[in-house]
Amino acid sequence: AQSVTQPDIHITVSEGASLELRCNYSYGATPYLFWYVQSPGQGLQLLLKYFSGDTLVQGIKGFEAEFKRSQSSFNLRKPSVHWSDAAEYFCAVGANSGYALNFGKGTSLLVTP
Amino acid sequence: GAGVSQSPRYKVAKRGQDVALRCDPISGHVSLFWYQQALGQGPEFLTYFQNEAQLDKSGLPSDRFFAERPEGSVSTLKIQRTQQEDSAVYLCASSFQAGGANSPLHFGNGTRLTVT
């Protein structure tokens, strides 16, 4: 079964600094990979997804992620963080059979002035 | 509607009570999912509907949990004889695509269930 690890529980960055959130997955084939963001008291919003093709994917709000098969990783990046980016970020993996997404435990992002 | 709507927003139940949580998906969305999110955790899959058919209920934690979508639109998640470990946020998500874990999901804001 597929699984997801987000090694960082909390990350603090200064506004304007760059950001990288780590995600490692475990799955035998090429998985479907997603990043979602959750603001307090809200549902999850899709930032970006990877199914196949170009390993660098662009998402909303200036985010991008790179699929690296050799490292089983799908790290999320943003060149310059805004205070409004403070939220919980979830990486998720889906298999090409079945319906469920497996989510990581999330990384909480704090942005300081 | 503009998005996935869930009600109630908050629910407090005494242990042993039955609860029903409602989800109104985006109009025309074929797929509907229920996820459970415990405090400090990521969402965990409960069940999946394609129109009115429940194609996967492998994530339901016990037979006290039951979900339905009788007309292929609104869905209800019912929990019988609630226990404290049922306390969580229950998230509903819908997608215009039919089936598959490659469906980008539109999530509701969730129902926070607290069992006392």
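Residues numbered from 1 in each chain as written. Chains lettered and ligands numbered in written order. Predicted model: local features only at pLDDT ≥ 70, side-chain atom pairs only at ≥ 80, totals over all residues. Heavy atoms only, no water.

A. Broad picture of the overall build of chain B. Counting its secondary structure elements, chain B contains zero helices and eleven strands. Traced from its N-terminal end to its C-terminal end, chain B shows the element sequence β-β-β-β-β-β-β-β-β-β-β. Against the globule reference of 13 Å for 116 residues, chain B gives a C-alpha radius of gyration of 13 Å, in line with a compact fold. Counting only C-alpha atoms and orienting by the principal axes, one finds that chain B spans roughly 40 × 25 × 25 Å. Buried residues in chain B amount to 50% of all 116 residues. Contacts in chain B between residues far apart in sequence, at least 24 positions, make up 54% of those at least 6 positions apart. By element, 46% of the accessible surface of chain B is carried by carbon and sulfur atoms, the whole surface being about 5400 Å². (Helix = DSSP H or I, 4+ residues; strand = E, 2+ residues; numbered from the N terminus. Rg over C-alpha atoms; globule rule 2.2 N^0.38 Å. Buried < 20%, exposed > 50% of the residue type's maximum accessible area, 1.4 Å probe, protein only. Contact = heavy atoms within 4.5 Å. Areas by Shrake-Rupley, 256 points an atom, 1.4 Å probe, with all protein chains shown as cover.)

B. Examining the side chain of B:Arg64 more closely. Along the chain, the position of B:Arg64 falls in the loop between β6 (53-56) and β7 (65-68). For B:Arg64, the side chain forms a polar contact with the main-chain oxygen of B:Arg81, separated by 3.2 Å. (Polar contact = N/O pair within 3.5 Å; in protein donor to acceptor, adjacent residues only side chain to side chain.)

C. Broad picture of the pairing of strand β8 (residues 64-68) of chain A. All names here are of chain A. Bridge count for strand β7 (residues 56-58) against β8 is three bridges, and the pairing is antiparallel. By the bridge assignment for β8, leucine 56 is matched with glutamate 66. Counting the residues between successive antiparallel strands, the hairpin from β7 to β8 contains five residues, one of them, lysine 61, with a positive phi of roughly 60°. Sheet topology note: the β8/strand β9 (residues 73-78) ladder contains five bridges and is antiparallel. Among the inter-strand pairings, glutamate 64 is bridged to a residue of β9, identified as arginine 77. As consecutive antiparallel partners, β8 and β9 are separated by four residues, and within that stretch serine 72 has a phi angle of approximately 50°, a positive value. (Pairing = 2+ DSSP bridges.)

D. Examining the pairing of strand β11 (residues 111-115) of chain B more closely. Residues and elements named next belong to chain B. Of the two faces of β11, the one holding Thr111, Leu113 and Val115 is buried and the one holding Arg112 and Thr114 is not buried anywhere. Where strand β2 (residues 10-13) and β11 come together, four bridges link them in parallel fashion. Bridge assignment links alanine 13 to a residue of β11, and that residue is valine 115.

E. Expanded view of the side chain of B:Ser95. When you line up the elements, B:Ser95 lands in strand β9 (residues 88-95). In this view, B:Ser95 contacts B:His29, B:Val30, B:Ser31, B:Ser103, B:Pro104 and B:Leu105; residues no more than four positions away in its chain are not counted.

F. The arrangement of the sheet that holds strand β1 (residues 5-7) of chain B in detail. Residue and element names in this part refer to chain B. Pairing in this open sheet of four strands is antiparallel, and the strands run β1-β3-β8-β7 from one edge to the other. With partners counted over all chains shown, the strands left at the sheet margins are β1 and β7, one partner each. Averaged over neighbouring strand pairs, the angle between their axes works out to 15° when direction is ignored. As judged from the three bridges shared by β1 and strand β3 (residues 19-24), these two strands associate in the antiparallel manner. When the bridges of β3 are listed, glutamine 6 appears paired with cysteine 23. (Axes fitted to C-alpha atoms, helices over the stretch in contact; angles between N-to-C directions.)

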